[in-house]
Amino acid sequence: MEQKLPLPPFTLETALEKIQLAEDAWNSQDPERVSKAYTIDSEWRNRDKFVNGREEIVPFLTEKWKKERNYKLKKEYWAHTDNRIAVRFEYEYQDLEGKWFRAYGNENWEFDENGLMQKRFASINDLQIKEEDRKLK
């Protein structure tokens, strides 16, 4: 059976580890790598998009990172329970026209018993910034 450590129930230490693993995977900008942290039938809400299952995650992220160049993400712990973790995050990217943006948001995650994320709900807002105002390099 497929597992992704650490497994729930989460402690503060294991929740922080799970968050760092997610940040590292997303910063790799490797859609296949990222998708492996989710259940086969995972449910996402990402802004106004609904993504269901690994088969939809890979093309969604592939398109995302074609448009969001020089992507850099930082996640921060917000709260956790037995099988849920909440994070706040910010990331910066450059669009295809060369403009810089910082995206702010919150995510709520729910994991199955094997440590795979089965639900991800993300609320995200973008703010155009000047290149000299970047914080994440």
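For the structure itself, consult the block above.
Residues numbered from 1 in each chain as written. Predicted model: local features only at pLDDT ≥ 70, side-chain atom pairs only at ≥ 80, totals over all residues. Heavy atoms only, no water.

We now examine the overall build of the protein. Of the regular secondary structure elements, the protein holds three helices and six strands. Counted from the first residue to the last, the protein has its helices and strands arranged as α-α-β-β-α-β-β-β-β. Relative to the 2.2 N^0.38 estimate, which gives 14 Å for 137 residues, the radius of gyration of the protein is 15 Å and therefore close to what a compact globule would have. Referenced to the eigenvectors of the C-alpha coordinate spread, the extents of the protein come out at roughly 45 × 30 × 25 Å. (Helix = DSSP H or I, 4+ residues; strand = E, 2+ residues; numbered from the N terminus. Rg over C-alpha atoms; globule rule 2.2 N^0.38 Å.)

The two faces of the sheet receive side chains in turn, since in a regular strand these alternate between them. Where strand 1 (residues 38-46) lies against strand 2 (residues 49-52), four bridges are found, and the strand directions are antiparallel. The partner of Asn-46 across the bridge, within strand 2, is Lys-49. Hairpin connection from strand 1 to strand 2: two residues lie between these consecutive antiparallel strands, with Arg-47 at a positive phi of about 55 degrees. (Pairing = 2+ DSSP bridges.)

So, about the packing of aromatic side chains. According to the stated counting rule, one finds eleven aromatic pairs in the structure shown. Between Trp-26 and Trp-44, the aromatic rings sit 5.9 Å apart at their centres with planes inclined by 25 degrees, giving stacked as the arrangement. One end of the pair, Trp-26, is in helix 1 (residues 12-28); the other, Trp-44, is in strand 1, and 18 residues separate them in sequence. By relative accessible area, Trp-26 is classed as buried at 5%. (Phe/Tyr/Trp six-rings, centres within 6.5 Å; stacked < 30°, edge-to-face > 60°. Buried < 20%, exposed > 50% of the residue type's maximum accessible area, 1.4 Å probe, protein only.)

This part covers the pattern of salt bridges. Applying the stated criterion across every chain, the model contains 15 salt bridges. Ionic pairing is found between Arg-47 and Asp-126, a salt bridge with its closest N-O pair at 2.6 Å. Taken as a pair, Arg-47 in the loop between strand 1 and strand 2 and Asp-126 in strand 6 (residues 117-129) lie far apart in primary sequence, 79 residues in all. A salt bridge links Arg-120 to Glu-107, with the shortest nitrogen-to-oxygen separation between them at 2.7 Å. In this pair, Arg-120 sits in strand 6 while Glu-107 sits in strand 5 (residues 100-111), placing the two residues 13 residues apart along the sequence. Neither residue differs from the other here; Arg-120 and Glu-107 are each classed as buried. Connected through salt bridges with shared partners, the residues Lys-75, Glu-107 and Arg-120 form a single ionic network. (Salt bridge = Lys/Arg side-chain N within 4 Å of Asp/Glu carboxyl O.)

All right, on to the side chain of Arg-120 then. Taking the relative accessible area as the measure of exposure, Arg-120 reaches 2% and is therefore buried. Aside from chain neighbours lying at most four places away, what touches Arg-120 is Trp-26, Tyr-38, Glu-43, Trp-44, Arg-45, Asn-46, Glu-107, Asn-108 and Trp-109. (Contact = heavy atoms within 4.5 Å.)

With that out of the way, let us pick up the nonpolar core. Membership of the largest hydrophobic core comes to 28 residues, with the highest contact counts inside it found for Trp-26, Trp-44, Leu-61, Ile-85, Tyr-91 and Trp-109. Elements represented by at least two residues in this core include exactly helix 1, strand 1, helix 3 (54-67), strand 3 (69-80), strand 4 (84-94), strand 5 and strand 6. Setting aside chain neighbours within four positions, we find Trp-44 in contact with Trp-26, Tyr-38, Lys-49, Phe-50, Val-51, Ile-57, Phe-60, Leu-61 and Arg-120. (Core = buried A, V, L, I, M, F, W, Y, C linked by side-chain atoms within 4.5 Å.)

Attention now moves to the pairing of strand 4. In terms of burial, strand 4 is a largely internal element, nine of the eleven residues being buried. Alignment of strand 3 against strand 4, held across nine bridges, turns out to be antiparallel. Residue pairing across strands places Ala-79 opposite Ala-86, the latter belonging to strand 4. Count of turn residues in the strand 3/strand 4 antiparallel hairpin: three residues. The hairpin turn running from strand 4 into strand 5, its antiparallel successor, is five residues long, and Gly-98 in that turn takes a positive phi close to 95 degrees.

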